Every structure is written in structure tokens, then in C-alpha cells.
Amino acid sequence: MDPAAAKLIGAGIASTALIGAGLGIGNIFGSYLTGALRNPSAAPGQFPNLLLGFALAEATGLFGLIVALIILFVF
Amino acid sequence: MHQFEIKRYIPLEIAGIDFSFTNSALWMFIAIAVISVLLIYGMRERALVPGRLQSVAELSYEFVANMVRENTGREGMQYFPFIFSIFIFILTLNMLGMVPYSFTVTSHIIVTFALAALVFLFVIFVGFAKNGPGFLKLFVPSGVPAAMLPLITVLEVFSFFIRPISLSVRLFANMMAGHMMLKVFAAFVVGLGVLGGWAPLLFMVAFTGLEVLVAFLQAFVFTVLTCIYLNDALHMHH
């Protein structure tokens, strides 16, 4: 295989890490809404945790994106 | 990309090490100036009913103080100045990066890694100062079956030493990915021209709002994780 093509394919595969980030973010907000609708009075207290979970889940996907960028521009 | 380029404004080299005054350094100075104006000028009146600037200063103080108190308890409050400095510095750098034609200091991994390494070394220092050699018990969780212990210890050591890397890459990746995404969509606006360019332009407006949220959120996450790591070092018995 042409090395340039392999590089592009590798970068594409590395960015599939964002699938996991999408699942994670959806799961966090979905779970938060489920809980919040069952017990609305407790929901505001958990809002910082929601944001923390969102940011942590998003970051894991971005790790994969960084790997893709390293493959594309460093090698 | 042009917006991530480091430019030397005042080239300077001491003993083979590059000490040039770059745009990165310039924006850090601007951030410090903004913070100083906010905190010193804003709190100058010390009014009982705060004005606008004083409200911002007091809100940011209260926000971080509550965070430290909730995550580390009373003992953690003595490290409040350090945590507040980290929070307000990262927040200001992230927010200044959202200004068009500015430079995002936190989109360079070496800057975020230096901050994360500072936090990491600080936690190790506090842990050993507080617990002595007992701090090493952090790697040996209590209540684990003896057969599992070697594996768990290796994993704990690994996860401890990966902390500065994950902490720095998280901040850097978020800031860089956001700015790159805006740049890509800006290219779509230009490429599609007057007729088709409106759709990506509207998306960009919405996405800029999200980026402001992310800029705040990443400063918040960095600080919360600092508090959690500090809590590990302060309260060993878990």
C-alpha cells in the first residue's frame, strides 16, 4: 500500500475515537435528564457533576483526534 | 495554521537556551494584566453592595472557594490561593483565545503540560509533607484481596503517573480542536460563497457559543481535578 494512503486511513481510524465520546456525552445527558425528571428538586445540585462528566467524556474523544492529527502532520 | 504560530517579538538567547519574548508570552502578560485589573481595580471600592466589576471578582472567588471546600474539606482551604491562581489564569487565557485575531496560549501542549506538571509535583509535595512515607499507601488500596494486590498496585502507579499527561492533553486538545473546527467552518463559508455560505456561518455562530462554554468548562475541569488530586494527598484513609 502507498504509505501516504496508509497514513490517511490510519488518521481516519484514529478519529473513530469520537464515536465513544459521542456515546459518552449522550449517555451523560440522557442519564441526567432521566434522573432530573424523576427528582427535579435534586437536579440543580448535580449540575456541576453533569458538566464535569461532559468535559471528561469529550476529552477522551479528543485524545483520539490528537492521535489522528499527529499521524497526519508529524509523521 | 497561522493562528497557532509562535512568533518571536524580541529574540533573546542565553547560554544556548531560547528566551525570546514571543506572542505566547505577550498574551500571558495580557492575561495577567486583565486578572490584575479585575481583582485589584474591581475590589478597590470594597463596597457593601458590589458594583459590576466587584461582583465578577467576588463571584469568581466564591465559585473557587466553594469548589475547594466541597472537594477537599477544611484542610484544603490553605491551598486556596494556588488553586484560585490556576483557575483564573487558565480561564483568562481560554477566554482571551476566543477574541478574534488573538492567540490561544493554552492551545500549546507545552504550556498546559507545564501547568499540569506543576499541579502534579505540588500534589506529591503536599502528600509527602502531610503523610510522610505513608503517602505511598495511595498505591495500595485497602480491602483488596491479596491475590489481586500486585496487579492493582501496578495499575494504581500507572494511573497516578499518567495524571499530568491526561490533565494537560485534555485542556490542550479541547482548545486546539475547537479553534481548528472554527477555522474549518470559516473555510466552508468562504468556499461556498455568498449563496451557500450562510449555513456554515450560522453554525459557526452557534459553535462559538459552545466554544465559550468549553473554554470555561475546561478551566473548571482542570481545577476540579486539581482539587480531587489534592484531596487524595490530604485524606489518605479511604
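Sequence order as written defines the numbering, with residues in each chain counted from 1. All chains are assigned letters beginning with A, and all ligands numbers beginning with 1, in the order in which they are written. Predicted model: local features are reported for residues with pLDDT of at least 70 only, side-chain atom pairs are reported and counted for 80 or more only, and whole-chain, interface and lining totals are derived from all residues.

(A) Fine view of the overall build of chain B. Each helix is a run of H or I in the DSSP string that is no shorter than four residues. Each strand is a run of E no shorter than two, and both are numbered from the N terminus. When you go through chain B residue by residue, the secondary structure sums to seven helices and four strands. Secondary structure elements in chain B, listed N-terminal to C-terminal, are β-β-β-β-α-α-α-α-α-α-α. Expressed as lengths along the three principal axes of its C-alpha atoms, the size of chain B is roughly 70 × 50 × 45 Å. In chain B, which comprises 238 residues, the proportion classed as buried is 25%. Whether two residues are in contact depends on their C-beta atoms, placed from the backbone: they are in contact if these lie within 7 Å. Taking contacts inside chain B between residues at least 6 apart in sequence as the whole, the part at least 24 apart equals 62%. For the exposure call, what matters is how many other C-beta atoms sit within 10 Å of a residue's own: 20 or more marks it buried, 12 or fewer exposed, and in between partly exposed, using C-beta atoms placed from the backbone.

(B) Region of the structure containing the overall build of chain A. From N to C terminus, chain A includes three helices and zero strands. When the helices and strands of chain A are listed from N to C terminus, the series reads α-α-α. Taking 2.2 N^0.38 as the reference for a compact globule, 75 residues should give roughly 11 Å; the C-alpha atoms of chain A span a radius of gyration of 17 Å, well beyond that estimate. Projected onto its principal axes, the C-alpha positions of chain A cover 60 × 15 × 10 Å. Split into buried and exposed, the 75 residues of chain A put 11% on the buried side. What the globule rule says is 2.2 Å times the number of residues to the power 0.38, and the radius of gyration is computed from C-alpha atoms.

(C) Local environment of the interface of chain A and chain B. Residue-level contacts link nine residues of chain A with ten residues of chain B. Under the grouping applied here, Gly and all other residues not named as nonpolar or charged are polar, the nonpolar ones being Ala, Val, Leu, Ile, Met, Phe, Trp, Tyr, Cys and Pro and the charged ones Asp, Glu, Lys and Arg. In terms of residue class, the side of chain A that touches chain B is built from nine nonpolar, no polar and no charged.

(D) Seen up close, the environment of Val-214 of chain B. Residues and elements named next belong to chain B. If you trace the backbone, Val-214 turns up in helix H7 (residues 198-234). By C-beta crowding, Val-214 is classed as buried, having 21 other C-beta atoms within 10 Å. Residues Val-214 and Arg-8 lie 206 residues apart in sequence; the distance between their C-alpha atoms is 29 Å.

(E) Structural detail: helix H3 (residues 47-73) of chain A. For H3 of chain A, spanning 27 residues, the distance from its first C-alpha to its last is 38 Å, which sits close to the expected 39 Å at 1.5 Å a residue. Within the span of H3 of chain A, buried status applies to Ala-55, Glu-58, Ala-59, Gly-61, Leu-62, Leu-65 and Ala-68 of chain A. In this structure, the buried side of H3 of chain A is in contact with helix H1 (3-14) and helix H2 (17-38) of chain A together with helix H6 (163-196) and H7 of chain B. What a helix should span is 1.5 Å times the count of its residues minus one.

(F) Region of the structure containing the packing of H1 of chain A against H3 of chain A. Residue and element names in this part refer to chain A. Note on method: axes are straight lines fitted to C-alpha atoms, helices fitted across the in-contact stretch only, with angles between N-to-C directions ranging 0 to 180 degrees. Packing of H1 against H3 brings their axes to within 8 Å, and their N-to-C directions diverge by 170°. For the element pair H1 / H3, the angle class is roughly antiparallel. Where H1 abuts H3, its residues Lys-7, Gly-10, Ala-11 and Ala-14 lie against Gly-64, Val-67, Ala-68, Ile-71 and Leu-72. Residues that form the contact of H1 with H3 fall into these classes: six nonpolar, two polar and one charged. For classification purposes, an angle smaller than 35 degrees is called roughly parallel, one larger than 145 roughly antiparallel, one from 65 to 115 roughly perpendicular, and anything else oblique.

(G) Region of interest: the nonpolar core. One finds Phe-87, Ile-90, Val-119, Val-123, Ala-173 and Phe-222 of chain B to be the most contacted residues of the largest nonpolar core, which totals 43 residues. At the level of elements, H3 of chain A together with helix H1 (23-41), helix H2 (52-72), helix H3 (80-97), helix H4 (109-131), H6 and H7 of chain B are the ones that each hand at least two residues to this core. Here the element with the most residues in this core is H7 of chain B; it accounts for ten residues. The residues contacting Ile-90 of chain B, other than those within four sequence positions of it, are Thr-106, Leu-171, Ala-219 and Phe-222 of chain B. What we call a nonpolar core is a set of buried Ala, Val, Leu, Ile, Met, Phe, Trp, Tyr and Cys residues whose membership is set by joining through C-beta atoms within 7 Å.

(H) Geometry of the confidence of the model for chain B. The predictor attaches a confidence to each residue, and that confidence, scored 0 to 100, is pLDDT. Overall, the prediction assigns chain B a mean pLDDT of 87, with 99% of residues at 70 or greater. Here the predicted complex carries an ipTM of 0.78, next to a pTM of 0.87.

(I) Up close: unusual backbone geometry. The residue Tyr-101 of chain B is not glycine, and still its phi comes out positive at about 65°. Tracing the backbone shows Tyr-101 of chain B in the loop between H3 and H4.

(J) Structural context of H2 of chain A. Its 22 residues give H2 of chain A an end-to-end C-alpha distance of 32 Å, which sits within 8% of 32 Å, the value for a rise of 1.5 Å per residue. Summarising burial for H2 of chain A: one of the 22 residues are buried, a small minority.

(K) Summary view of the environment of Arg-74 of chain B. Residue and element names in this part refer to chain B. In this fold, Arg-74 is placed in the loop between H2 and H3. Accessibility expressed as a C-beta count within 10 Å gives 9 for Arg-74, which makes it exposed. Separated by 59 residues in the primary sequence, Arg-74 and Ala-15 place their C-alpha atoms 46 Å from one another.

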